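In case you want the letters, here they are:
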Amino acid sequence: MTFQINITPNGRMSLPADIRKRLGLTGGGAIYLDETEDGIVLRTATQSVARAQALAKQYTGDNPDASVDAFLARRRDDSGE
């Protein structure tokens, strides 16, 4: 679906209420903007985290040694704590 969103002279944009409701932004919230070759992509914080997790999984797969907890455990072992 494509929506036209107007930008005011001071740079403000308004997302339509039905979109805000579907995205869980009814009480306000943050939207993250990614600039791509094709234009811009707007994502909610939840969508951005899910995308980051999917990208990380491409490189780590299901390797349990690639988790943050495993990294911290190795660092503790290395430091003798």
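Up top you'll find the structure we're talking about.
*Asks:* Would you mind going over the overall build of the protein chain with me for this structure?
*Replies:* Broken down by element type, the protein chain carries 3 helices and 2 strands. Counting from the amino terminus, the protein chain carries its helices and strands in the arrangement α-β-β-α-α. Computed over the C-alpha atoms, the radius of gyration of the protein chain is 19 Å, more than 25% above the 12 Å expected from 2.2 N^0.38 for a compact globule of 81 residues. Seen through its C-alpha atoms, the protein chain measures out along the principal axes to roughly 60 × 30 × 25 Å. For the protein chain, the residues scored as buried account for 6% of the 81 residues in total. Taking contacts inside the protein chain between residues at least 6 apart in sequence as the whole, the part at least 24 apart equals 2%. When the accessible surface of the protein chain is totalled, it reaches about 7200 Å², and 51% of it is carbon and sulfur.

*Asks:* I keep staring at helix α3 (residues 68-79) and nothing clicks. Help me out?
*Replies:* For an α-helix, the turn length of 3.6 residues means that residues three or four places apart are oriented alike. When the terminal C-alpha atoms of α3 are compared, their 17 Å separation across 12 residues agrees well with the 16 Å that a helix rising 1.5 Å per residue should span. Trailing α3 by a residue or two, Gly80 shows a phi angle of about 85°, which is positive.

*Asks:* Mind showing me how you'd approach helix α2 (residues 45-60) here?
*Replies:* Between its first and last C-alpha, α2 extends 22 Å over 16 residues, near the 22 Å set by a 1.5 Å rise per residue. Looking one or two places after α2, you find Gly61, whose phi comes out positive at around 60°.

*Asks:* Would you explain the layout of surface pockets in this entry?
*Replies:* It is a probe the size of a water molecule, rolled over the atoms, that shows where empty space is left. Quantified by volume, the largest pocket comes out at close to 210 Å³. In terms of lining, the largest pocket is formed by Ile5, Met13, Leu15, Ile19, Leu23, Ile31, Ile40, Val41, Leu42, Arg43, Thr44 and Gln47. When grouped by side-chain class, the residues that make up the lining of the largest pocket number 9 nonpolar, 2 polar and 1 charged. Lining the second largest pocket, in full, are Met13, Ser14, Leu15, Arg20, Leu25, Gly28, Gly29, Ile31, Tyr32, Leu33 and Leu42. Residue classes in the lining of the second largest pocket are distributed as 7 nonpolar, 3 polar and 1 charged.

What counts, and where the lines are drawn
- Residues numbered from 1 in each chain as written.
- Predicted model: local features only at pLDDT ≥ 70, side-chain atom pairs only at ≥ 80, totals over all residues.
- Heavy atoms only, no water.
- Helix = DSSP H or I, 4+ residues; strand = E, 2+ residues; numbered from the N terminus.
- Rg over C-alpha atoms; globule rule 2.2 N^0.38 Å.
- Buried < 20%, exposed > 50% of the residue type's maximum accessible area, 1.4 Å probe, protein only.
- Contact = heavy atoms within 4.5 Å.
- Areas by Shrake-Rupley, 256 points an atom, 1.4 Å probe, with all protein chains shown as cover.
- Expected span 1.5 Å × (residues − 1).
- 1 Å grid on protein atoms, 1.4 Å probe; cavity = no way out; pocket = protein on both sides within 12 Å on 5 of 7 lines; lining within 4 Å.
- Points joined across faces, edges and corners; volume = space filled by probe spheres on them.
- Nonpolar A, V, L, I, M, F, W, Y, C, P; charged D, E, K, R; others polar.

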